[in-house]
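Here's the letter readout for the chains.
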Amino acid sequence: MKAIRRAFILLLVIVCMPSCRLIPLYDPESSVYVRLNIKLNTDVVLNEDIDLEGNKDLREKVHGVMPQTVRACFYNIETHNLVAEEYLPPEGGFVNVPSGMYDIIVYGLGTESTRTKDTDTRGGAHALTSETGASVRITKSLDDGTKAIEDYKVIFEPDHIFTGTKENAEVPIHAKNEEVVVIDIDMTTMLETYSLEVRNIEGAGRIKKADVYITGHAPSKYMWDRRFPSNSCALYFESVIDEKKGNLLTVFNTFGKFPNARNDVYLNVLVTDISGGRYQWVFDVTDQFDDPDNNTNEIIIDERIVIPEGGDGFTHEVENWDSEVIYVPL
């Protein structure tokens with residue numbers, strides 16, 4: 001009897017095997033499909049000397065990388081509180097959320113330095129990066145002989161995060177025979193991309209490292225309306241050294257220049273030479289950031305800079321500004 005029973009079970013398994021199928025990663029009963037259109041930062045126009053085709057890391061830094069997963073947040077249109085969330089592939093997918101009207105924020109996951117915070121509310125959700133533990137102090141000599149001091153906390157350079165929104169999207173009560181409702185959302189980067197070129201460097205081959213700090217930038221940006229917070233910061237990144245051309249040439253990403261009419265932007269270039277000597281230059285680049293004709297987002301320094309051979313290092317002041325980088329343990 002036991003042998004007959006085992007034979008019957010084996011036959012049942014064999015019969016059922018052809019009917020096995022893969023179950024999709026979404027609710028097949030859902031009638032709402034969120035269709036995503038992620039637009040990489042490919043239409044940016046930069047300094048023609050920057051070779052994006054020959055440098056994969058630089059190309060990804062400029063254009064961004066397609067996220068593998070996207071988080072979709074559904075908010076109550078009256079309270080603006082988070083009601084539901086879904087994780088989707090980059091092209092989109094079916095969502096299974098309660099019926100109702102929603103404001104939707106979608107954003108890509110997997111960024112290296114950029115992270116998100118306060119996504120429990122529509123207006124609080126924002127993108128940011130961590131602080132480096134340093135601050136930049138800019139001292140300006142005023143016409144009356146006094147000095148004005150401004151301190152900026154330094155953040156790491158953000159990498160591209162692609163976000164999109166949809167207002168008053170309807171998720172209907174599901175009926176099996178009804179047509180699929182498609183919600184289209186475009187996703188674009190939250191960042192602005194600039195190129196930096198420091199020309200006319202005498203002794204560029206003696207540079208071991210070039211650290212760059214730019215003040216007057218926003219430390220974060222809100223995802224729903226892309227507004228800025230109420231404070232500014234300094235942005236940190238390293239620059240590439242081009243010994244043959246005698247310059248520093250790189251690109252950098254930012255949430256944007258802090259939108260304040262009295263906000264000045266100072267470029268602090270801190271160079272370490274092969275002997276350990278350190279040299280510093282400070283430039284006011286406010287006009288270049290504010291120039292409406294600067295369509296290619298180029299920041300260019302044309303003043304002559306000398307890295308002396310066998311020097312011990314010094315701090316060079318440009319006009320009426322001085323800068324100090326202060327390191328504070330986190």
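Let us look at the structure shown here. (Residues numbered from 1 in each chain as written. Predicted model: local features only at pLDDT ≥ 70, side-chain atom pairs only at ≥ 80, totals over all residues. Heavy atoms only, no water.)

A few points about the packing of aromatic side chains
1) Next: A full pass over the atoms with the stated rule returns seven aromatic pairs.
2) Next: Between the aromatic rings of Y194 and F289, the centroid separation amounts to 4.8 Å while the plane-to-plane angle is 50°, which identifies the pairing as tilted. In this pair, Y194 is assigned in strand β12 (residues 192–198) and F289 in helix α3 (residues 286–290), connecting sequence segments 95 residues apart. We note that Y194, like F289, is buried. (Phe/Tyr/Trp six-rings, centres within 6.5 Å; stacked < 30°, edge-to-face > 60°. Helix = DSSP H or I, 4+ residues; strand = E, 2+ residues; numbered from the N terminus. Buried < 20%, exposed > 50% of the residue type's maximum accessible area, 1.4 Å probe, protein only.)

Some remarks on the pairing of strand β16 (residues 233–238)
A regular strand places its side chains on the two faces of the sheet in alternate fashion.
1) Next: With five of six residues buried, β16 is to be regarded as a mostly interior element.
2) Next: Bridge analysis of strand β9 (residues 147–156) against β16 gives three bridges, and the strand direction is parallel. Each bridged residue has a counterpart across the sheet, and for F156 the counterpart in β16 is Y236.
3) Next: The pairing of strand β14 (residues 207–217) with β16 spans five bridges and is classified as antiparallel. Bridging from a neighbouring strand, D211 pairs with E238 of β16. (Pairing = 2+ DSSP bridges.)

Thoughts on the side chain of D103
1) Next: On the secondary structure map, D103 appears in strand β5 (residues 100–108).
2) Next: Judged by its relative accessible area of 2%, D103 falls in the buried class.
3) Next: At 2.9 Å, the side chain of D103 and the backbone nitrogen of N168 are in polar contact. (Polar contact = N/O pair within 3.5 Å; in protein donor to acceptor, adjacent residues only side chain to side chain.)

Thoughts on the pattern of salt bridges
1) Next: A complete count under the given rule lists 14 salt bridges for this structure.
2) Next: In this structure, K39 and D186 form a salt bridge, with 3.8 Å as the shortest nitrogen-oxygen distance. Of this pair, K39 sits in the loop between β1 (32–38) and α2 (56–63) while D186 is found in strand β11 (residues 181–189), placing the two residues 147 residues apart along the sequence.
3) Next: Two residues, R71 and E85, come together in a salt bridge whose shortest N-O distance is 3.1 Å. Within this pair, whereas R71 is found in strand β2 (residues 70–76), its partner E85 is found in strand β3 (residues 82–88), the two being separated by 14 residues in sequence. (Salt bridge = Lys/Arg side-chain N within 4 Å of Asp/Glu carboxyl O.)

Comments concerning the sheet that holds strand β7 (residues 126–128)
1) Next: Here three strands make up an open sheet; going across it, the order is β6-β7-β15 and the pairing antiparallel. Looking at which strands have only one partner, the edges of the open sheet turn out to be β6 (115–117) and β15 (220–222). The average angle at which neighbouring strand axes cross in this sheet is 25°, direction not considered. (Axes fitted to C-alpha atoms, helices over the stretch in contact; angles between N-to-C directions.)

Points about the side chain of S239
1) Next: Along the chain, S239 falls in the loop between β16 and β17 (241–242).
2) Next: Setting aside anything within four residues of it in sequence, one finds S239 in contact with A210, V212, L248, L249 and T250. (Contact = heavy atoms within 4.5 Å.)

Notes on the sheet that holds β11
1) Next: Read from one edge of the open sheet, seven strands run β3-β2-β5-β10-β11-β1-β4, paired in mixed fashion. Bordering the open sheet on either side are β3 and β4 (92–95), each of which pairs with just one other strand. Taking each pair of neighbouring strands and ignoring which way they run, the sheet shows an average axis angle of 20°.
2) Next: Across two bridges, the pairing between strand β10 (residues 162–171) and β11 is antiparallel. Bridge pairing in β11 places F162 opposite T189.

Some thoughts on the environment of N247
1) Next: Tracing the chain through its elements places N247 in strand β18 (residues 247–254).
2) Next: Since its relative accessible area comes to 3%, N247 is described here as buried.
3) Next: It is 8.6 Å that separates the C-alpha atoms of N247 and E202, two residues lying 45 residues apart in sequence.
4) Next: N247 has contacts with E197, V198, R199, I201, A204, V240, I241 and D242, leaving out every residue within four places of it along the chain.
5) Next: One polar contact links N247 to E197, side chain to side chain, over a distance of 3.3 Å.

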